[in-house]
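# A structural walkthrough
The lines below spell out each chain.
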Amino acid sequence: LGLIAVPVVGNSINVDTSEEKITILDHDVSYERGEDKITIFDGEEHVDFTGSDEIEIFDKMLEFFDGSEFSKAIICLELLLIFAEVVICLAYFTLKEIDKVFVNVNKDDSPFGKDNPIAFKKTAYYLIAIMVVKVISDIIVGIIIGNISFNISLTTIFIILSLFTLSYIFEYGYELQNKED
């Protein structure tokens, strides 16, 4: 819904700084700059922005809707929503693998079943994929807005390493159990 609504509403806002006019959904609103205030006229009614913060916000809004800033915002929003959908799918698969471990432990007498090490490894791989998608989204959005930055969570890395370690421990436990039987 956001991928449809934001461009439709955003494209219906037109700013003309040369004539000091804003059009929102085919409704014209004019504004006038004074020394220390901005007055917005809507027919017979008007609103004054007098504080420096209010004037700065109004100027940023004009800059946002006048030019390419709005297009950048729409592209960033749509990309972030797409990346969020990918992360949600990966999180779903991660939770599904964790559920498999609990089901296997509940159904068998021993937690060292043959499927548990595989589930731990898949969980670790899904977490790696989530981390990579996050870094890629940070880089792409950073390129668009002109401020590239990303971070990698050390906690996530330690969890991934722990899951791989658990998978090898459970795999070894499964082999020992098979030799004992």
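Quick summary incoming for the structure in this document. Going along each chain's sequence as written, the residues are numbered from 1 onward. Where local features are concerned, this predicted model is filtered to residues with pLDDT of at least 70; where side-chain atom pairs are given and counted, the filter is 80 or more; whole-chain, interface and lining totals use all residues. The basis for the side-chain values is all heavy atoms of the structure; hydrogens and waters are excluded.

Let us now look at the pairing of strand 4 (residues 38-42). One bridge is not enough; two strands pair if DSSP finds at least two bridges between them. The numbering of helices and of strands both runs from the N terminus, where a helix is a DSSP run of H or I of at least 4 residues and a strand a run of E of at least 2. Taken together, the five bridges between strand 4 and strand 5 (residues 45-49) define a ladder with antiparallel strand orientation. Of the residues in strand 5, the one forming a bridge with D42 is E45. Between strand 4 and strand 5, which pair antiparallel in sequence order, lie two residues; one of them, G43, sits at a positive phi of approximately 70 degrees.

A separate point is the pattern of salt bridges. Any carboxyl oxygen of Asp or Glu that lies within 4 Å of a side-chain nitrogen of Lys or Arg is treated as forming a salt bridge with it. Within this structure, the stated rule accounts for three salt bridges. A salt bridge links E97 to K100, with the shortest nitrogen-to-oxygen separation between them at 3.1 Å. Of this pair, E97 and K100 both sit in helix 3 (residues 69-107), three residues apart, which is roughly one turn of that helix. Throughout this description, buried means an accessible area under 20% of the type-specific maximum (1.4 Å probe, protein chains only), exposed means over 50%, and partly exposed covers the range between. The class for E97 is buried, based on a relative accessible area of 6%. Note that E171 and K121 form a salt bridge whose closest N and O atoms lie 3.2 Å from each other. Taken together, the residues E171 in helix 5 (residues 154-180) and K121 in helix 4 (residues 115-145) connect sequence positions 50 residues apart. E171 gets classed as partly exposed once you look at its relative accessible area, which sits at 28%.

This part takes up the packing of aromatic side chains. In this scheme Phe, Tyr and Trp rings, the latter by its six-membered ring, pair at centre separations within 6.5 Å, and the angle between planes marks the pair as stacked below 30 degrees, edge-to-face above 60, and tilted otherwise. Considering all chains together, one arrives at five aromatic pairs under this definition. Taken together, a centroid distance of 5.2 Å and an interplanar angle of 45 degrees make the contact between F112 and F170 tilted. Residue F112 is found in the loop between helix 3 and helix 4, and its partner F170 is found in helix 5; the two are separated by 58 residues along the sequence. On the accessibility criterion, F112 (28% relative accessible area) is partly exposed. Relative to F164, the ring of Y125 lies with its centre 5.2 Å away and its plane at 75 degrees, an arrangement referred to as edge-to-face. Here the residue Y125 occupies a position in helix 4, and F164 occupies one in helix 5, the gap between them amounting to 39 residues. Here a set of aromatic residues connected by ring pairs shows up, and it is made of Y92, F93 and Y126.

To continue, consider the nonpolar core. Ranked by internal contacts, the top residues of the largest apolar core, which has 14 residues, are F120, A124, L127, I160 and L163. Every element with two or more residues in this core is listed here: helix 3, helix 4 and helix 5. For this core, the element with the most residues is helix 4, which contributes seven residues. Two residues qualify as a contact provided that any one of their heavy atoms is within 4.5 Å of a heavy atom in the partner residue. The contacts of I160, once residues within four sequence positions are left out, are A124, L127, I128 and M131. We define the nonpolar core as a collection of buried residues of types Ala, Val, Leu, Ile, Met, Phe, Trp, Tyr and Cys that are connected through side-chain atoms lying within 4.5 Å of one another.

Let us now look at a nonpolar patch on the surface. The grouping of Y125, I128, V132, I136 and I140 at the surface amounts to a nonpolar patch, some 400 Å² of accessible area in total. In this structure, I140 sits in helix 4. What makes I140 partly exposed here is its relative accessible area of 31%. Within this analysis, patches are made of residues with over 30% relative accessible area and no salt bridge. Like charges are joined at 9 Å or less; nonpolar side chains (Val, Leu, Ile, Met, Phe, Trp, Tyr) at 5 Å or less. Here, Shrake-Rupley sampling with a 1.4 Å probe gives the accessible areas, and only protein chains in the shown set may cover a residue.

Function-wise, these values are silent; they only describe arrangement.
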